[in-house]
Amino acid sequence: MSERVTDTAAVEFRAVTKVFESGKTRHTAVSEIDLRIEHGEIFGVIGYSGAGKSTLVRLINALEKPTSGTVLISGTPITGVPESRVRQLRRDIGMIFQQFNLFRSRTAAGNIEYPLKVAGWPRAKRKARVAELLEFVGLSDKARSYPDQLSGGQKQRVGIARALATSPSLLLADEATSALDPETTGEVLRLLRKVNRELGVTIIVITHEMDVIRAVADRVAVLAEGRIVELASTFDVFADPQATPTRSFVDTVLHIKPSAEELARLGERHAGQLVTVDIDDEHGVGDALAVAARSGVRFEIVYGGVSSLQDKTFGSITLALDGDPDAVREAVAVLTADTLGARSERRTA
Ligand SMILES: Nc1ncnc2c1ncn2[C@@H]1O[C@H](COP(=O)(O)OP(=O)(O)O)[C@@H](O)[C@H]1O
Ligand SMILES: [Mg+2]
């Protein structure tokens, strides 16, 4: 792994806005983006369709020019510099796509070799590099297969090998697993982690799927209507999502914390008071149950779950407490005290 000694970010956005104008209509695709993506990280960008994700990617590889603001790659602005410099910067960026974008008329090896030809590598060196890349992505036995003879996952592995051919330090993956089934998605994401860990390549993963973020990203930015509405470590985003779009993304993956509607339903089905307690490495489910048991009131676990991410535990349980009102009040007070990590409390009739 090539460690770069530098305080420049791999990618930096400074107040970047991109407005598309066609005729009389103006559409702001990304708005006032400030962002630093560090060397060596896997950075996720999640957003719904139309959020501006692909525009963000195209601003990084200089396929789009910001309407205002500056994009820097390893500290170098990519606008207002000579075209030759842009080409040079772009050579240091690999890209993979949802639809793989392979040449159907070329074999797997031929596809991987193509960027090396463009870069003017001599034949013998190209062949050696292609063999090495096929080995790295686990497709040595498919060198002579054409894309139509490969599965979706294999095609994307060819795409990754091709993107890495000229040893870029940055890899952009725009919905790279969106055309794949969950199992194949897992395979491709494991390969991306290997690319990051073994080759030290910075990876930007663009997706609308929170599962993808969860599987690979160190940090994640949530994009909505062209703006970053949340930016945090993947753990923090899952454990404690703040913005509304973030919460709905997290909810698609985890069903650990009841929504307001679920709480209302639970309130109808269970007597007493509902209390939701956060679970983490310091505050286990057992601690909450011990408090409930000591209080002497009747209690039941009515909702919850515990998960782990980046080697840390998070989750929540919701208890229904019923019995002597003073005892219930006392139990809720202890459960919602900071030391137990409890956060929310819902009173039901
Ligand atoms: N070349 C373009 N011309 C006009 N509008 C565009 C162009 N590219 C993207 N847009 C608009 O910008 C918004 C963001 O698009 P995009 O970046 O593709 O979002 P995403 O990848 O998150 O789905 C969309 O409303 C889209 O229609
Ligand atoms: Mg897109």
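The coordinates are above.
Residues numbered from 1 in each chain as written. Chains lettered and ligands numbered in written order. Predicted model: local features only at pLDDT ≥ 70, side-chain atom pairs only at ≥ 80, totals over all residues. Heavy atoms only, no water.

A. Structural detail: the site of ligand 1. Surrounding ligand 1, one finds Phe 20, His 27, Ala 29, Tyr 48, Ser 49, Gly 50, Ala 51, Gly 52, Lys 53, Ser 54 and Thr 55. Measuring from an oxygen atom of ligand 1, one finds a backbone N or O atom of Gly 50 at 2.6 Å. Contacts to ligand 1 include Ser 54, whose backbone N or O atom sits 2.9 Å from an oxygen atom. Here ligand 1, which alone exposes 560 Å², has 60% of that area covered by the protein. Looking at the shell around ligand 1, the elements with two or more residues in it are strand E2 (25–37) and helix H1 (53–60). In terms of residue count, the dominant contributor to the shell around ligand 1 is H1 (three residues). Residues of the shell around ligand 1, tallied by class, amount to four nonpolar, six polar and one charged. (Near = heavy atom within 4 Å. Polar contact = N/O pair within 3.5 Å; in protein donor to acceptor, adjacent residues only side chain to side chain. Areas by Shrake-Rupley, 256 points an atom, 1.4 Å probe, with all protein chains shown as cover. Helix = DSSP H or I, 4+ residues; strand = E, 2+ residues; numbered from the N terminus. Nonpolar A, V, L, I, M, F, W, Y, C, P; charged D, E, K, R; others polar.)

B. Structural context of the packing of helix H3 (residues 108–118) against helix H4 (residues 123–136). Contact pair H3 / H4: the axes reach a minimum separation of 9 Å and the direction vectors enclose 130°. Classified by the angle between their axes, H3 and H4 sit oblique to one another. For the pair H3 and H4, the sense of crossing is right-handed. Here Ala 109, Ile 112, Glu 113, Leu 116 and Lys 117 of H3 come into contact with H4, specifically with Arg 126, Lys 127, Arg 129, Val 130, Leu 133 and Leu 134. (Axes fitted to C-alpha atoms, helices over the stretch in contact; angles between N-to-C directions. Parallel < 35°, antiparallel > 145°, perpendicular 65-115°, else oblique. Left-handed = near helix turned anticlockwise from the far one by under 90°. Contact = heavy atoms within 4.5 Å.)

C. Representation of the packing of aromatic side chains in the model. Evaluation of the coordinates by the stated rule reveals three aromatic pairs. Their ring planes at 25° and their centres at 4.3 Å tell us that Tyr 48 and Phe 249 sit as a pair that is stacked. Of this pair, Tyr 48 sits in the loop between strand E3 (42–46) and H1 while Phe 249 sits in helix H9 (residues 244–253), and the two are 201 residues apart along the sequence. Taking the relative accessible area as the measure of exposure, Tyr 48 reaches 43% and is therefore partly exposed. A ring pair is formed by Phe 235 and Phe 314, whose centres lie 5.6 Å apart and whose planes are at 85°; its orientation type is edge-to-face. On the criterion of sequence distance, the pair formed by Phe 235 in helix H8 (residues 234–239) and Phe 314 in strand E13 (residues 312–322) is long-range, its members being 79 residues apart. Directly above the aromatic system of Phe 103 lies the positively charged group of Arg 106, at a separation of 4.8 Å from the ring centroid. Residue placement shows Lys 125 over the ring face of Trp 121; its charged tip is 4.4 Å from the ring centre. (Phe/Tyr/Trp six-rings, centres within 6.5 Å; stacked < 30°, edge-to-face > 60°. Buried < 20%, exposed > 50% of the residue type's maximum accessible area, 1.4 Å probe, protein only. Lys NZ or Arg CZ within 6 Å of the ring centre and 35° of its normal.)

D. Structural view of the environment of Asp 174. Counting through the fold element by element, Asp 174 comes out in strand E7 (residues 170–174). A polar side-chain atom of Asp 174 sits 2.7 Å from a polar atom in the side chain of Ser 54.

E. Representation of the packing of helix H11 (residues 285–295) against helix H12 (residues 325–335). Put simply, H11 and H12 touch, their axes get as near as 9 Å, and they point 160° apart. As far as their axial angle goes, H12 and H11 are roughly antiparallel. The way H11 lies across H12 gives a crossing that is right-handed. Counted together, Ala 288, Val 291 and Ser 295 of H11 and Ala 327, Ala 331, Val 334 and Leu 335 of H12 form the full contact between these two elements. Looking at the contact of H11 with H12, its residues break down into six nonpolar, one polar and no charged.

F. Molecular detail of the nonpolar core. Ranked by internal contacts, the top residues of the largest apolar core, which has 36 residues, are Ile 96, Ile 160, Leu 171, Val 195 and Ile 203. Looking at this core, the elements with two or more residues in it are H3, H4, helix H5 (152–164), E7, helix H6 (182–199), strand E8 (202–207) and helix H7 (210–216). In this view, Ile 96 contacts Gln 156, Gly 159, Ile 160, Ala 163, Leu 171, Leu 172, Ala 173, Asp 174, Ala 176 and Leu 192; residues no more than four positions away in its chain are not counted. Membership of the second largest hydrophobic core comes to 27 residues, among which are Val 16, Leu 35, Leu 89 and Ile 204. (Core = buried A, V, L, I, M, F, W, Y, C linked by side-chain atoms within 4.5 Å.)

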